[in-house]
Amino acid sequence: MARNLSILWISPIGFSYLKSPMTKVHLVDGTYELFRSHYGQPPRIAPDGMPVSAVRGLIQTLLSMLKMNQTTHIAVAFDSEVESFRNEIFPQYKDGSSTPEELKMQFLLAERAVSALGIVCWPMREFEADDALGSAATKYSQDSSVEKVVICSPDKDLTQVVSGKKVVCLDRRRNQILDEDGVKNKFGVFPRSIPDYLGLMGDTSDGIPGIPKWGAKSSSTLLARYNSIDQIPSDYRLWDVTVRSAASLSLSLEGHREDAALYKNLATLRLDVPILETVSDLEWKGAHPVMFPQLCTEIGMENLSRQPSKWISGHD
């Protein structure tokens, strides 16, 4: 029997089943939210001298999301260690050297804040937050009780796991949702080609240089036709799509095939991160009535302690 058919109802004309409401899962890029809050909030200092503006912004963001009726199941992932296995593959990969020290200091506090809010928290060390979000999206989208998985991040890396209308990316700042067709319209390629797209044109935010002379237009045009870097013919005269400076692009690619494969590998999310929580584990049951107010007092923002719309029951 289907898992989402649960309540038996006897009607005058026979037996009927009422469908349980389908679940919408929200997966939040906590690293992005911290960066956005750090640069978007005025500086704030806790009573002990700790910078807390990024954490304050993160808490406000999550509280705002939780007030929305559709946010019932939620988890947050962080890059608790900036360096990951990708730095071993490519030392020039992002290493956090450009991250302000006052922001780095807030990551552990941010993890505590998420847990105090009663939200599942995934602090990543060997992997990156994007790997956790991609793995979780893949896992939960296969659950028959899930209607939609919403990845709350504008990071184009994550669009590679978008699937139809069931797994989507949400840019909360722009209020923009990208489903599979939306990814194609924005980047010119379908989600499966995003790692190739980033491998060719590069991704400065992650320290991926890309292939010389290749930009967004040339990359999307060739990949829309051939899907992957490996399938692009080595002789530009065999290309059956038109791009400007085709001979120069081809020469550059043939001189950097190994680099292109490496950059694609760097841009490809690992979807084997151990995600132990079930969908039901992600259900938000409220903030912790002791831990959350204590944390708010610690950071000098007692007013936030009254903001949660629900509290975990069963605690003294």
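Criteria and thresholds
Residues numbered from 1 in each chain as written. Predicted model: local features only at pLDDT ≥ 70, side-chain atom pairs only at ≥ 80, totals over all residues. Heavy atoms only, no water. Helix = DSSP H or I, 4+ residues; strand = E, 2+ residues; numbered from the N terminus. Buried < 20%, exposed > 50% of the residue type's maximum accessible area, 1.4 Å probe, protein only. Polar contact = N/O pair within 3.5 Å; in protein donor to acceptor, adjacent residues only side chain to side chain. Phe/Tyr/Trp six-rings, centres within 6.5 Å; stacked < 30°, edge-to-face > 60°. Lys NZ or Arg CZ within 6 Å of the ring centre and 35° of its normal.

J.: Break down the side chain of Ser 84 for me, with residues and values.
T.: Relative to the helices and strands, Ser 84 is located in the loop between strand 4 (73-79) and helix 3 (85-89). Ser 84 sits in the buried class, given a relative accessible area of 7%. A polar contact of 3.4 Å, which involves the side chain of Ser 84, links it to the side chain of Glu 128.

J.: Any chance you could break down the packing of aromatic side chains for me, citing the residues and the numbers?
T.: Applying the stated criterion across every chain yields a total of 5 aromatic pairs. Geometrically, the ring pair formed by Phe 292 and Trp 311 is tilted, given 6.4 Å between the ring centres and 55° between the ring planes. Highlighted residues: Phe 292 in helix 12 (residues 291-298) and Trp 311 in the segment after helix 12, separated in sequence by 19 residues. Assessed through its relative accessible area of 0%, Phe 292 is described here as buried. Positioned above the aromatic ring of Phe 190 is the side chain of Lys 184, whose terminal nitrogen or guanidinium carbon lies 5.7 Å from the ring centre. The positively charged end of Arg 270 is found above the aromatic ring belonging to Phe 85, 5.1 Å away from the centroid.

J.: Which residues make up unusual backbone geometry, and what values go with them?
T.: One non-glycine residue with positive phi stands out, namely Lys 213, at about 80°. Inspection of the secondary structure puts Lys 213 in the loop between helix 8 (194-201) and helix 9 (216-226). Unusually for a residue other than glycine, Ser 245 sits at a positive phi of about 55°. Looking at the secondary structure, you find Ser 245 in the loop between helix 9 and helix 10 (246-254).

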